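The chain contents come next:
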Amino acid sequence: MITLGFASQKLPPRAAGGENCHMKLAALALVLVPTVAFADDTYTGGSGGGGSGGLNTYTISDAGTAIWSPQLIRNPATLNKSGIEVFGSFAISRVTHPATMMGGMDTVTTEEGLMVGGAYGITDRITGGLTYTMVVHDPSGAFPGDAKGPLDVYGGYNIKHKTKYSLSAGADFAINVGNTDQLAINLGASFKYYLSDQLAVYTGNILPAGPVGQQLTIGLGDKDPIALRVPAGIAFQITPMFFAYLETQLFDVHFHNGNSGVIFADFIPVTLGVFYHAATNLDVGVSFGDDFKNAGDAYAIALTALVHL
């Protein structure tokens, strides 16, 4: 998941990152997707894409290796050996704060932030990378905002990548450069199961950029949280050029410092994202996140670009 946690507040996951403002859940109507017969170890890409007349054919094996595919749904959460991924996300969040006094007015704050990152395929199984986040425009109106934000160094290990499923595990270390007392270790996994050649269900990061998974957060400060969160989503390769996903969070269990929650009872989060394969090595997308439990109180919109070299 690409996480864009700002210094002054944290925003909805994937749309702009973070874990404190949950997103809405939209009613999902599944269209009929043709069932595809899966081979044991190989997959051949479909036709179309980028005006090239066809997508690359690539092989998936028990060794976890695969030639990079233009179709995002078919790529693991890690990179091939010597593969390079550069990515960036510009996010705008809007948060409504309830009045603190009877008869008072609610206040609304907006914030813009920028996250940049990169990753490198150390081997066909191991990927390392980092992300850095800064505030471009903060709620007080300051422009530019605080350039000292969260730095995240991460690593991912591809356990298995086959035609019917993909599994990777990862860990990352996060530090807020502007406040070095804010330290955390995140652990997690990305698991994707293919219902067909175009449709998959998943948990963890659906995009091949950023930490593989951050289900378990271990804050290293006395007041920092220790929490387990389980995201879940569905991904759809609409055409060879268009990829979409819909993600929610099933539950949030705080073992230390924080409030636990369960979907529907405490929050109804959703993130909707759509990506377009704009060029041979470029995917661009837009995502939106909000919480149906408190519709419109906290939402974010993000524009993201992924460059694979």
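Structure: see above.
Scoring rules and cut-offs
Residues numbered from 1 in each chain as written. Predicted model: local features only at pLDDT ≥ 70, side-chain atom pairs only at ≥ 80, totals over all residues. Heavy atoms only, no water. Helix = DSSP H or I, 4+ residues; strand = E, 2+ residues; numbered from the N terminus. Contact = heavy atoms within 4.5 Å. Areas by Shrake-Rupley, 256 points an atom, 1.4 Å probe, with all protein chains shown as cover. Phe/Tyr/Trp six-rings, centres within 6.5 Å; stacked < 30°, edge-to-face > 60°. Buried < 20%, exposed > 50% of the residue type's maximum accessible area, 1.4 Å probe, protein only. Core = buried A, V, L, I, M, F, W, Y, C linked by side-chain atoms within 4.5 Å. Pairing = 2+ DSSP bridges. Salt bridge = Lys/Arg side-chain N within 4 Å of Asp/Glu carboxyl O. Patch = residues over 30% accessible without salt bridge, like charges linked within 9 Å, V, L, I, M, F, W, Y side chains within 5 Å.

Q: Could you give an account of the overall build of the protein chain, with specific residues and numbers?
A: On a plain count of helices and strands, the protein chain comes out with 0 helices and 16 strands. Considering only intrachain contacts with a sequence separation of at least 6, the fraction spanning at least 24 residues in the protein chain is 58%. For the protein chain, the accessible surface area stands at approximately 13,800 Å², while carbon and sulfur atoms represent 65% of it.

Q: I'd like a description of the packing of aromatic side chains, backed by residues and values.
A: In this structure the tally under the stated criterion is 4 aromatic pairs. Both rings, one in Phe242 and one in Tyr276, keep their centres 5.0 Å apart while their planes meet at 40°; by these two values the pair is tilted. With a gap of 34 residues between them, Phe242 in strand β12 (residues 242-256) and Tyr276 in strand β14 (residues 269-279) connect regions that are remote in the sequence. The class of Tyr276 is partly exposed, set by a relative accessible area of 34%.

Q: Tell me about the nonpolar core, residues and numbers included.
A: Counting 19 residues, the largest nonpolar core has Ile206, Leu207, Ala235, Phe243, Tyr245 and Phe275 as its most contacted members. Not counting residues up to four positions away in its chain, the partners in contact with Phe275 are Leu72, Leu207, Met241, Phe242, Phe243, Tyr245, Asp283, Val284, Gly285, Thr304 and Leu306.

Q: Can you explain the pairing of strand β7 (residues 165-176)? Please cite residues and give values.
A: Here β7 shows a buried face lined by Ser166, Ser168, Gly170, Asp172, Ala174 and Asn176 and an unburied face lined by Tyr165, Leu167, Ala169, Ala171, Phe173 and Ile175. Two strands pair when backbone bridges link them, and strand β6 (residues 150-161) and β7 are joined in this way by 11 bridges, in the antiparallel orientation. Looking across to β7, one finds that Lys160 is bridged to Leu167. Linkage of β6 to β7, two consecutive antiparallel strands, is achieved through a turn of 3 residues. Where β7 meets strand β8 (residues 179-194), 12 bridges bridge the pair, whose relative direction is antiparallel. Paired with Ala171 across the two strands is Leu187, which belongs to β8. Where β7 folds back on β8, the antiparallel hairpin that results is connected by 2 residues.

Q: Now, about the pattern of salt bridges: what can you tell me, with residues and values included?
A: Summed over the entire model, instances satisfying the criterion amount to 2 salt bridges. Here Asp252 ties to Arg229 by a salt bridge, and the two come within 3.4 Å at their closest N and O atoms. Of this pair, Asp252 sits in strand β12 while Arg229 sits in strand β11 (residues 226-237), and the two are 23 residues apart along the sequence. For the pair Asp252 and Arg229, one class covers both residues: buried.

Q: Explain a nonpolar patch on the surface to me, and be specific about the residues and the numbers.
A: A grouping of Phe90, Ile92, Ile238, Phe242, Val274, Tyr276, Val284, Val286, Phe288, Ile301 and Leu303 is seen on the molecular surface, where their side chains present a nonpolar patch of about 840 Å² in accessible area. Breaking the nonpolar patch down by element, the ones donating at least two residues are β3 (84-97), β14, β15 (282-291) and β16 (298-308). With 3 residues, β15 is the largest single contributor of residues to the nonpolar patch. With respect to the helices, strands and loops of the structure, Phe90 is situated in strand β3.

Q: Now, about the side chain of Asp152: what can you tell me, with residues and values included?
A: Note that Asp152 resides in strand β6. For Asp152, a relative accessible area of 9% corresponds to the buried category.

Q: I'd like a rundown of the environment of Ser82, residues and numbers included.
A: For Ser82, the location among the structural elements is in the loop between β2 (58-59) and β3. The exposure class of Ser82 is partly exposed, given its relative accessible area of 42%. Note: C-alpha distance between Ser82 and Gly121 (39 residues apart in sequence) is 4.8 Å. If near-sequence neighbours (up to four positions away) are discounted, Ser82 is found in contact with Tyr120 and Gly121.

By themselves these figures say nothing about function.
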